[in-house]
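Structure at a glance
Each chain, letter by letter, is given below.
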Amino acid sequence: MDGFRIIIAEKADAGRRIAYFLSGGQVKSHRAKGTSYLEFEYDGSKTYLIPLSGHIVEADFESGYSDWSRIDLSDLIDARIVKNIKNKVAYQTLLAFRGKVEEIVIATDYDREGELIGVEALDIIKDGREEVKRAKFSALTKNEIIDSFRNLIGVNYSLADAADARESIDLIWGSVLTRFFSVTTGRLGKSFLSAGRVQTPTLAIVVDREREIQGFRPEPYWIISVTFEKGGQFTARYPENLKDQEAAERIYEAIKGKDGTVLSYRSKEEPIRRPAPFSTTEFLREASRIGIMPTKAMSIAENLYMRGLISYPRTDNTVYPRSINLKSVLKKLENTGYSKYVKEIESFDRISPSRGRTETTDHPPIYPVDSPKEQLKGDYGRVYDLILRHFLSTLYREGRKTVAEAEIDVNGYTLKASGQRTTDRGWTEIYGYEPKDTYLPDLVEGEKIRGVEWNIQKEETKPPPRYDMSSLLKKMEDLNLGTKSTRHDIIGKLIERGFIEGNPVRPTSLGMAFIDAVRSVNSHIADPEMTAKLEQDMDRIEKNEMSKNDVVEESKRMLHEVLSHFLTKTEDVKNIITKGLNAGQEIGDCPFHDGKKIMVIKDRFTYTVRCEDPTCRINFKIKRNGSITLTDQKCPVCGLPMIKIIRRGQSPEIKCIDPDCAYNRDNEDYGECPSDHGRLVLRQSKYGKRFLGCSNYPKCTVTYPLPQMGKIIKTDEVCQYCGAPILAVSRNGRKWKFCPNMQCEYNKKQKPEKPAEKKTKRKSKDASES
């Protein structure tokens, strides 16, 4: 076996594509004795490709540090970090080839994490005699893969060191802070309190905005405007928002009923600038605007990359490199739903894409590299459509608009009017963005214009808006919190661990109390500057300006200082967090105690719903899988209040506030299980989908999917084909029966009700249509 080549790929899907392109499709798969690899011929040499599944090893503290309650946290900071085997099959495969290889090619993703995964593999397989090379590619397409293997480069050990430093620092900071807060508050096991060097300042951003909103006091002001008529109506406003009511009313009375005289009028042509090419952060922001959470959008993008449909989705770059053959890319997109625009761009004498401010050399901006063979469905189709139309918009012509401004005198007071008229939609036609035009006619200086309506309107100043996913990602980027590859994960963890919720984002009682506790100590871990400093140090490792060991040791010194402050305030931290957790959120008035509120206290996995009066019988734990509001209804069985549970993508559910009430049991029971005669009960999956499951689970694993929208109704009928209960669903005035066993003959014989035709305007085409 001497003299052959080993290729190391980061994931199985990527490995299969690389092997297929390099071999021309002639690939053999091997699995034996705990090993897994692909075999083929490439460039006259026998080649073996070992597909990994991410990291082969993971960082952890050496043994003896697992007891959270007994380990001294100062000792934990300085504990030795070891690498434990995480992927035994990959480890055994690499060991099997050790010392038998002539050339090793790392073909993992070209970024910090990918380089570290490659170096981890090298540490296992190489014995020093091999030639080690690196394949750098940004898309899993035939041309890109073949070109990268024809132009191999060296391994970037500094890039791997930067990732290794981050892994060690995040382990130390996360473990020490999480153990401190969890042990101090007595929240261990599943209810542990998570903390981290990026997570905590990100949470602080959300909490600070909420405090700003809570502390905001609206102030009144008055707006004065006049509507004029000339070929249509347009409005001019007094240029100031007046805080003095008397002054506002004096001006209004002076201009009321008066016509205007044009003092000045200016108009000019302006471009409607094209968007910059997609960086990771901007892609995730746009995805959140179409209702796809950042963590899900990133997961879908990675899948599309693995399928060879888009370029590598982790990038800061906003400038297409000259090496991208744009006409070749466009050729592959001719069969999409945007073929009209693709062909028009192809006809341009010169394709000049837009440019952003950030230009890097690791990966290009995110762009489509191929069109899907079959239509992509659901969010996969929407994400691909977003990337495709954004890419085409960066290549298409700019839009044009005429903007105009006028100053109009009304009885000695100057009012201002502005207008905009789109003359060429340009790229906005592809993107689905509709420019907002405002009417303002052509005016001439000295011209008299007739007033038709005079208004004085009282308004109030408004608090700053809450961050949505898009603006929170941008804020993290501006403050250098996290990286393009980690920001969406940080937000996901804050949601998963019960610190924030919703979109726009708001902190929970736990999130508010946690930041209050952190700031009760002079620790600065909620300040972005401390984390940004460490991020900059890791950038310096990548540039060979600092060593990995120096950065890790500096972070330990900072953490020792932070911990020393916290250890002097353990009781204060405990009291603040406990008080915040017990505060909860009001959802309505208690029907049994006047003046008392029903509160929802949110834990990581459950809601505690209770009255402020400790003697009240309303005190229940409800599984956390939606938001709760109180209704005016009373349970017909026990008389307690009814609640409404709202879940994303589902119709609302009305149930008794007591989870063990017979009303809930009866309404969640949809009939007998045909397998073991248990009861088929309504359940919620961890992904937020409702389904029927047998009450005898795990002995019986029968489950049935359900429609997510509409009311599910019992019929007391049993399916003649499979024995499952026949159900009905009611939605938008329609009602139809179905068997929950979707493959059942009953559903094939049902004639679906023809839906009423809807007159809807299709805003944009599905990019995945062929």
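Before reading on, note that the structure itself is shown above.
Residues numbered from 1 in each chain as written. Predicted model: local features only at pLDDT ≥ 70, side-chain atom pairs only at ≥ 80, totals over all residues. Heavy atoms only, no water.

Moving on, we get to a nonpolar patch on the surface. On the surface, Trp68, Val183 and Leu188 cluster together into a nonpolar patch covering about 220 Å² of accessible area. Of note, valine 183 is situated in helix α6 (residues 157–185). (Patch = residues over 30% accessible without salt bridge, like charges linked within 9 Å, V, L, I, M, F, W, Y side chains within 5 Å. Areas by Shrake-Rupley, 256 points an atom, 1.4 Å probe, with all protein chains shown as cover. Salt bridge = Lys/Arg side-chain N within 4 Å of Asp/Glu carboxyl O. Helix = DSSP H or I, 4+ residues; strand = E, 2+ residues; numbered from the N terminus.)

Here we come to the sheet that holds strand β24 (residues 669–672). Read across the sheet, four strands follow the order β24-β25-β26-β27 without closing on themselves; strand pairing throughout is antiparallel. Among the strands making up the open sheet, the edge pair consists of β24 and β27 (703–705). For this sheet, the mean inter-axis angle between neighbouring strands, taken without regard to orientation, is 30 degrees. In the sheet, β24 pairs with strand β25 (residues 679–684) via two bridges, with the strands oriented antiparallel. Of the residues in β25, the one forming a bridge with glutamate 672 is arginine 679. (Pairing = 2+ DSSP bridges. Axes fitted to C-alpha atoms, helices over the stretch in contact; angles between N-to-C directions.)

For the coordinates displayed, the defined rule picks out 24 aromatic pairs. Between phenylalanine 180 and phenylalanine 566 the ring centres are 5.2 Å apart and the planes differ by 40 degrees, which places this aromatic pair in the tilted class. Taken together, the residues span a long stretch of sequence, with phenylalanine 180 in helix α6 and phenylalanine 566 in helix α19 (residues 548–567) at a distance of 386 residues. Ring geometry for phenylalanine 278 against phenylalanine 283: centres 5.8 Å apart, planes inclined by 70 degrees, an arrangement best described as edge-to-face. One exposure class covers both phenylalanine 278 and phenylalanine 283, and it is buried. An aromatic cluster is built from Phe180, Phe181, Phe499, Phe514 and Phe566, whose rings are joined through pairwise contacts. Taking the ring centre of tyrosine 467 as reference, the NZ or CZ of arginine 209 above it sits at 4.3 Å. Looking at arginine 389, its charged tip hangs above the ring of tyrosine 431, at a distance of 5.1 Å from the centre. (Phe/Tyr/Trp six-rings, centres within 6.5 Å; stacked < 30°, edge-to-face > 60°. Buried < 20%, exposed > 50% of the residue type's maximum accessible area, 1.4 Å probe, protein only. Lys NZ or Arg CZ within 6 Å of the ring centre and 35° of its normal.)

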